[in-house]
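Tertiary structure, described
Each chain, written out:
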Amino acid sequence: MTKGVLFLCTGNACRSQMAEGIARPLVSPGMRIFSAGTSPKGVDARAVQVMHELGIDLSGNRSKTNDDASVGELDRLITLRAAGAHRVITLPAAAALGIGALLLGRWLT
């Protein structure tokens, strides 16, 4: 059973924020959903607007770094940008904890 999922991109401004917002209502109770960026830039107002049109509120979200996600609560990591893939497999303790990483449809570990 999956404990938690981290959606990771560069700025944690659009893609990962939107993925987190879409995933939250779809997962089992108790599963943790996080989003983060390797270089957070702030949540993009266009992402908030588009998600609002889908009935998902991102207005209270903030950009976070991958350090903000509790690695101990994760067992799946999905990166939304190929350029950040090298950072995924070097996350602290990721390999030791057996965290699986998915890059654009391909498992890395």
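The following refers to the structure shown. Nothing here was measured: the structure is a model prediction, and the numbers come from that model.

1. A word on the overall build of the protein chain
The helix and strand tally for the protein chain stands at four helices and five strands. Here the protein chain, with 109 residues, has 41% of them falling under the buried criterion. Intrachain contacts of the protein chain at a sequence separation of at least 6 include 71% that bridge at least 24 residues. For the protein chain, the exposed surface amounts to about 6100 Å²; the carbon and sulfur share of it is 57%.

2. As for the environment of Thr65
By the element assignment, Thr65 lies in the loop between α2 (45-53) and β3 (76-79). For Thr65, a relative accessible area of 26% puts it in the partly exposed group. Distance from Thr65 to Ala36, taken between C-alpha atoms, is 4.9 Å for residues 29 residues apart in sequence. Among residues more than four places away in sequence, those in contact with Thr65 are Ala36, Gly37 and Pro40.

3. Observations concerning the side chain of Asp44
With respect to the helices, strands and loops of the structure, Asp44 is situated in the loop between β2 (32-37) and α2. Residue Asp44 is classed as buried on the basis of its relative accessible area of 17%. Among the polar contacts made by the side chain of Asp44, one reaches the main-chain amide nitrogen of Arg46 at a distance of 2.7 Å. Beyond its immediate stretch of four places on either side in the chain, Asp44 contacts Ala13 and Cys14.

4. Structural notes on unusual backbone geometry
Its identity is not glycine, yet Asn12 carries a phi of approximately 50°, on the positive side. Mapped onto the secondary structure, Asn12 falls in the loop between β1 (4-9) and α1 (15-23).

5. Some words on α2
Residue pairs three or four apart in sequence face the same way in an α-helix, which turns once every 3.6 residues. Near the N-terminus of α2, the side chain that reaches the backbone nitrogen of Arg46, with its oxygen 2.7 Å away, is that of Asp44. Gly55, located one to two residues past α2, shows a positive phi value of around 85°.

The rules we used
Residues numbered from 1 in each chain as written. Predicted model: local features only at pLDDT ≥ 70, side-chain atom pairs only at ≥ 80, totals over all residues. Heavy atoms only, no water. Helix = DSSP H or I, 4+ residues; strand = E, 2+ residues; numbered from the N terminus. Buried < 20%, exposed > 50% of the residue type's maximum accessible area, 1.4 Å probe, protein only. Contact = heavy atoms within 4.5 Å. Areas by Shrake-Rupley, 256 points an atom, 1.4 Å probe, with all protein chains shown as cover. Polar contact = N/O pair within 3.5 Å; in protein donor to acceptor, adjacent residues only side chain to side chain.

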